[in-house]
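Fold and contact review
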Amino acid sequence: MKTIDDFNFENKKALIRVDFNVPVNENFEVTDTTRIEAAKPTIIKVLEDGGSAILMSHMGRPKGQVNESMSLKHILDKVSEVIGVQVKFAANCVGEEAEQAVADLKPGEVLMLENLRFHAEEEKGDEQFAEQLSKLGDVYVNDAFGTAHRAHASTTIVAKFFPENKCFGYLLAREIESIDKVMSSGEKPVTAILGGSKVSSKITIIENILDKVDNLIIGGGMTYTFIKAQGGKIGDSICEDDKQDLALSILEKAKTHGVNVYLPVDVIAADDFNNKANTKICAVDEIPDGWQGLDAGPKTLDNFREVILNSKTILWNGPVGVFEMESFAKGTIAVGEFIAESTANGAFSLVGGGDSVAAVKQFGFEEKVSYVSTGGGAMLESLEGKTLPGIAAIRQ
Ligand code: AMP
């Protein structure tokens, strides 16, 4: 794997694909700088080597049209503040203006190009557009994991114009290493904790990881399709009736692969989908009509704890309850605590893909797990076993 550490950027221009698709408020102020901070080490490495950095990114979905409200110039000051260098700006990402700005760039300087998606060619993966972009740098660095699953001009196609001079930035390299640990190189026992609302959205992940993990913990809304399929009473809990056969076949496959599956044994049931609802602890397969399981129960959490604390490699994707409501967040918080404890004992833990990332941030576990992935869709596709085009393009 070629990373940015394999290059010396002295007097070189690094064309870096970053993901600065950051949230902004109505005054175009950046409300979360996580993605800018995540790209900082890569940019600093280039500058410290004595090179210059040309940053390219998309923002929002302008659908190939110039749209002032999605201009990257709005975030220029914030990027400058985070990086610690006054960043220059080119009002177009290709053409004369960009080329001139690049020609004027001196070692130690940073230039940000205007939103790539103001050109429809970006998302189409247009080769000529990619070639125009490629003229702007000596080395292509991809540090945008969030778009690595897209075969866009700046994320994938551009790489072919840098047959020798292309590499992963620090952020993307860490994402790849973390996923590799969970999927292949991690120390055993490997445990995946999968939660979330539906079996249907996690099925490809489950199928892909069954030959990679020792333990599979299933939680959240998915639980009830499994329990009903096994003949349990789930009351009014969320369930995908048409996925019951699938649930049974997953359990069967897990058995053939020797994977231990841990489903909840008890749940916090509520008489309404509401933070103020009445609640009671029920066996997972004896939930009365009019009640629905919304969080993991105490025995379940004891079981989960034991498995998690005995694991050396942990993947967490999806909450084990409706964590957005305080009354049903305890299970998800507890799982975060168990993972934190196991990590402190030496396990490697990766949290990735959507809502579990939000939960980890909300409950302050970010620093207590080994790695929190920044790429939602890209992470899910990696866990599904797909080859991400942006990653393949650098490896080729
Ligand atoms: P997903 O996007 O599939 O990862 O699902 C995340 C969502 O699942 C969160 O918004 C949770 O509130 C929801 N969820 C977790 N457990 C349950 C449950 N028992 N009943 C309904 N929704 C749930």
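So, a few notes on the structure that sits alongside this text. Computed from a predicted structure; not experimentally measured. Residue indices follow the written sequence of each chain, beginning from 1 at its first position. Owing to the predicted nature of the model, reporting of local features is limited to residues with pLDDT of at least 70; listing and counting of side-chain atom pairs is limited to 80 or more, with chain, interface and lining totals taken over all residues. Derived side-chain values reflect all non-hydrogen atoms in the structure, with water molecules and hydrogen atoms excluded from consideration.

1. Brief notes about the site of the ligand
Proximity criterion: a residue is near a molecule or strand once any of its heavy atoms comes within 4 Å of it. In the vicinity of the ligand lie 15 residues, with S197, K202, G293, E324 and D355 positioned nearest. Throughout this description, a polar contact denotes any pair of N or O atoms lying within 3.5 Å of each other; where both atoms belong to protein, one of them has to be capable of donating a hydrogen while the other can accept it, and for residues adjacent in sequence the pair is counted only when both atoms sit in side chains. For the ligand, an oxygen atom lies 3.0 Å from a polar atom in the backbone of S197. For the ligand, a nitrogen atom lies 3.1 Å from a polar atom in the backbone of G221. The fraction of the free accessible surface of the ligand (510 Å²) that becomes covered by protein chains is 82%. Here a cavity denotes a set of grid points, spaced 1 Å apart and computed over the protein atoms alone, in which a 1.4 Å probe fits but from which it cannot get out, and a pocket denotes an open set meeting protein on both sides within 12 Å along at least five of seven lines; residues with an atom within 4 Å of a point are reported as lining. If over half the atoms of a molecule are within 2 Å of the grid points of a cavity or pocket, the molecule is regarded as sitting in it. With respect to the detected pockets, the ligand is housed in the second largest pocket. In this description, accessible areas are obtained by the Shrake-Rupley approach with a 1.4 Å probe, and a residue is regarded as covered only by the protein chains that are shown.

2. Observations concerning the packing of aromatic side chains
Pairing of aromatic side chains here covers Phe, Tyr and the six-membered ring of Trp, requires ring centres within 6.5 Å, and sorts the geometry by plane angle: under 30 degrees stacked, over 60 edge-to-face, intermediate tilted. Evaluated as defined, the whole model comprises 3 aromatic pairs. Here F7 and F9 contribute two aromatic rings whose centre-to-centre distance is 6.1 Å and whose plane-to-plane angle is 35 degrees, an arrangement assigned as tilted. Summary of the burial criterion: residues with accessible area below 20% of their type's maximum are buried, those above 50% are exposed, and those between are partly exposed, where the area comes from a 1.4 Å probe applied to protein chains only. By relative accessible area, F7 is classed as buried at 13%. A centroid spacing of 6.3 Å and a plane angle of 80 degrees characterise the contact between F323 and F363, whose relative ring orientation is edge-to-face. Within this pair, whereas F323 is found in the loop between β15 (313-317) and α11 (330-344), its partner F363 is found in the loop between α12 (355-362) and β17 (371-372), the two being separated by 40 residues in sequence. Classification of F323 as buried rests on a relative accessible area of 3%. Helix and strand definitions here come from DSSP, where helices need a minimum of 4 consecutive H or I residues and strands a minimum of 2 consecutive E residues; each element is numbered from the N-terminal end.

3. Overview of the environment of G293
Tracing the backbone through its elements, the reader meets G293 in strand β14 (residues 292-296). For G293, a relative accessible area of 6% corresponds to the buried category. Between the alpha carbons of G293 and G364 there is a distance of 25 Å; along the sequence they are 71 residues apart. Contacts between residues were defined by any pair of non-hydrogen atoms, one from each residue, lying within 4.5 Å. Excluding residues within four positions of it along the chain, G293 makes contact with Y224, S237, V267, I268, A269 and I287.

4. Some thoughts on the pairing of strand β4 (residues 110-113)
Side-chain alternation along β4 places V110 and M112 on one buried face and L111 and L113 on a second face that is also buried. As paired elements, strand β2 (residues 52-56) and β4 share 3 bridges and run parallel to each other. Residue pairing for β4: I54 is matched across the bridge by L111. In this scheme, strands are said to pair when DSSP sees at least two bridges between them. Bridge count for strand β3 (residues 88-90) against β4 is 3 bridges, and the pairing is parallel. When the sheet's bridge partners are listed, K88 is paired in β4 with L111.

5. Overview of helix α1 (residues 34-49)
The end-to-end C-alpha distance of α1, which contains 16 residues, comes to 24 Å, matching closely the 22 Å that a straight helix rising 1.5 Å per residue would cover. To obtain the bend at a residue, axes are fitted to the seven residues ending there and to the seven starting there, and the angle between these axes is taken. Largest kink in α1: about 35 degrees, centred on K40, with the proline P41 one to four residues after it. Looking only at α1, the buried set comprises I36, A39, T42, I43, K45, V46 and L47. In this structure, the buried side of α1 is in contact with β1 (13-17), β2, α2 (76-83), β4, β5 (139-142) and α6 (170-185). Take the number of residues in a helix, subtract one, and multiply by 1.5 Å to get its expected span.

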